[in-house]
Amino acid sequence: MSDKVKKGYQARLEWVPVRDIDTREAAQRPYDPAHAADLAVHLDPDLLGYPFVCALEKNRSERFYAIDGQHRIGAVKIALGEEQQVECEVVRGIDLQRAAALFLGRNKTRPVKVIDKFLVGVTSKDADCVGINGIVRQAGLTVDRTAKATAVTCVATLRKLYHLQ
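These numbers come from a predicted model, not from an experiment.

1. Points about the environment of Glu-57
Next up, step 1: Tracing the chain through its elements places Glu-57 in strand S3 (residues 52–58).
Next up, step 2: For Glu-57, a relative accessible area of 64% gives the class exposed.
Next up, step 3: As for Glu-57 and Asp-95, which are separated by 38 residues in sequence, their C-alpha atoms are 9.2 Å apart.

2. Side note on the pairing of strand S5 (residues 85–92)
Next up, step 1: Sheet topology places strand S1 (residues 10–17) next to S5; 8 bridges connect them, and they run antiparallel. By the bridge assignment, Ala-11 is partnered in S5 with Val-91.
Next up, step 2: Relative to S5, S3 runs parallel, the two sharing 4 bridges. Residue Cys-54 lies in a different strand from S5, and its bridge partner there is Val-91.

3. With respect to the state of the cysteines
Next up, step 1: All chains considered together, the criterion is met by 0 disulfides.
Next up, step 2: Free of any disulfide, Cys-54 has its nearest cysteine sulfur in Cys-88, 11 Å distant.

4. Quick word on the sheet that holds S1
Either a parallel or an antiparallel arrangement is found when strands of a sheet pair, and the pairing is made through backbone hydrogen bonds.
Next up, step 1: Strand order in this open sheet of 5 strands is S1-S5-S3-S4-S2, and the pairing throughout is mixed. At either margin of the open sheet sits one strand with a lone partner, and together these are S1 and strand S2 (21–23). Neighbour-to-neighbour, the strand axes of the sheet open up by a mean angle of 45 degrees, direction not taken into account.
Next up, step 2: Against the sheet, helix H2 (residues 70–80) contacts S2, S3, strand S4 (61–68) and S5, and its axis sits at roughly 115 degrees relative to S4.

5. Here we look at the packing of helix H1 (residues 33–41) against H2
Next up, step 1: It is at 8 Å that the axes of H1 and H2 come closest, and there the two elements cross at 60 degrees. It follows that H1 is oblique to H2 by the angle criterion. Two packed elements cross with a definite hand, and for H1 against H2 that hand is right-handed. Here H1 contributes His-35, Ala-36, Ala-37, Leu-39 and Ala-40 to the contact with H2, which in turn contributes His-71, Arg-72, Gly-74, Ala-75, Ile-78 and Ala-79.
Next up, step 2: Residue classes in the contact of H1 with H2 are distributed as 7 nonpolar, 3 polar and 1 charged.

6. Let's talk about the pattern of salt bridges
Next up, step 1: Following the criterion strictly, the structure yields 10 salt bridges and no others.
Next up, step 2: For Arg-106, the salt bridge identified is with Glu-89, shortest N-O distance 3.1 Å. Here the residue Arg-106 occupies a position in helix H3 (residues 96–106), and Glu-89 occupies one in strand S5, the gap between them amounting to 17 residues.
Next up, step 3: With a relative accessible area of 33%, Arg-106 lands in the partly exposed category.
Next up, step 4: Several salt bridges share partner residues, and in doing so they unite Arg-19, Asp-20, Asp-22, Arg-63 and Glu-83 into one network.

7. Re the packing of aromatic side chains
Next up, step 1: Here the structure, examined in full by the defined rule, presents 0 aromatic pairs.
Next up, step 2: Sitting over the ring of Phe-52, Arg-106 keeps its end group 3.5 Å from the ring centre.

8. Description of the pairing of S3
Next up, step 1: Most of S3 is tucked away, with 5 of its 7 residues classed as buried.
Next up, step 2: In this sheet, S4 lies alongside S3 in antiparallel orientation, the contact comprising 7 bridges. Note that in S4 the partner of Ala-55 across the bridge is Phe-64.
Next up, step 3: Two successive antiparallel strands, S3 and S4, enclose a turn made up of 2 residues, where Asn-59 displays a positive phi of approximately 50 degrees.

Calculation criteria
Residues numbered from 1 in each chain as written. Predicted model: local features only at pLDDT ≥ 70, side-chain atom pairs only at ≥ 80, totals over all residues. Heavy atoms only, no water. Helix = DSSP H or I, 4+ residues; strand = E, 2+ residues; numbered from the N terminus. Buried < 20%, exposed > 50% of the residue type's maximum accessible area, 1.4 Å probe, protein only. Pairing = 2+ DSSP bridges. Disulfide = S-S within 2.5 Å. Axes fitted to C-alpha atoms, helices over the stretch in contact; angles between N-to-C directions. Contact = heavy atoms within 4.5 Å. Parallel < 35°, antiparallel > 145°, perpendicular 65-115°, else oblique. Left-handed = near helix turned anticlockwise from the far one by under 90°. Nonpolar A, V, L, I, M, F, W, Y, C, P; charged D, E, K, R; others polar. Salt bridge = Lys/Arg side-chain N within 4 Å of Asp/Glu carboxyl O. Phe/Tyr/Trp six-rings, centres within 6.5 Å; stacked < 30°, edge-to-face > 60°. Lys NZ or Arg CZ within 6 Å of the ring centre and 35° of its normal.

This is how it looks when you write it as structure tokens:
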């Protein structure tokens, strides 16, 4: 293994009770209880992924802090209770400064484009996407990523219009 991969720390998947996971705003964005509550309403454990937490020493004992996934963890607490365990990617051997750097590094990803979310939504049989796509096809058009004479690319507008019905 290259020295450039996870140098100086260990990370592995572990089941952690959500009651044992805190957040440190110095190492990531502020916790938004309303966002966690919204996620809890629609919680699907299959979509949870692996929250990324670091294990830090506090008062001679180990404590877990969410680096990425604090709102998903909050949603689990709300929907399933404090005793629920979540499979997390746990990293040991780092300090708060490195945890903050990992948060920044992991949140550099490009957001999924609206058009891509829509097209994948059609494939996953999302009711709104399928309904909109049906209307577009009935008009003899297609939803597409590129502008063409018979293509529609403005899916955000289509969604707004669809919900005005």
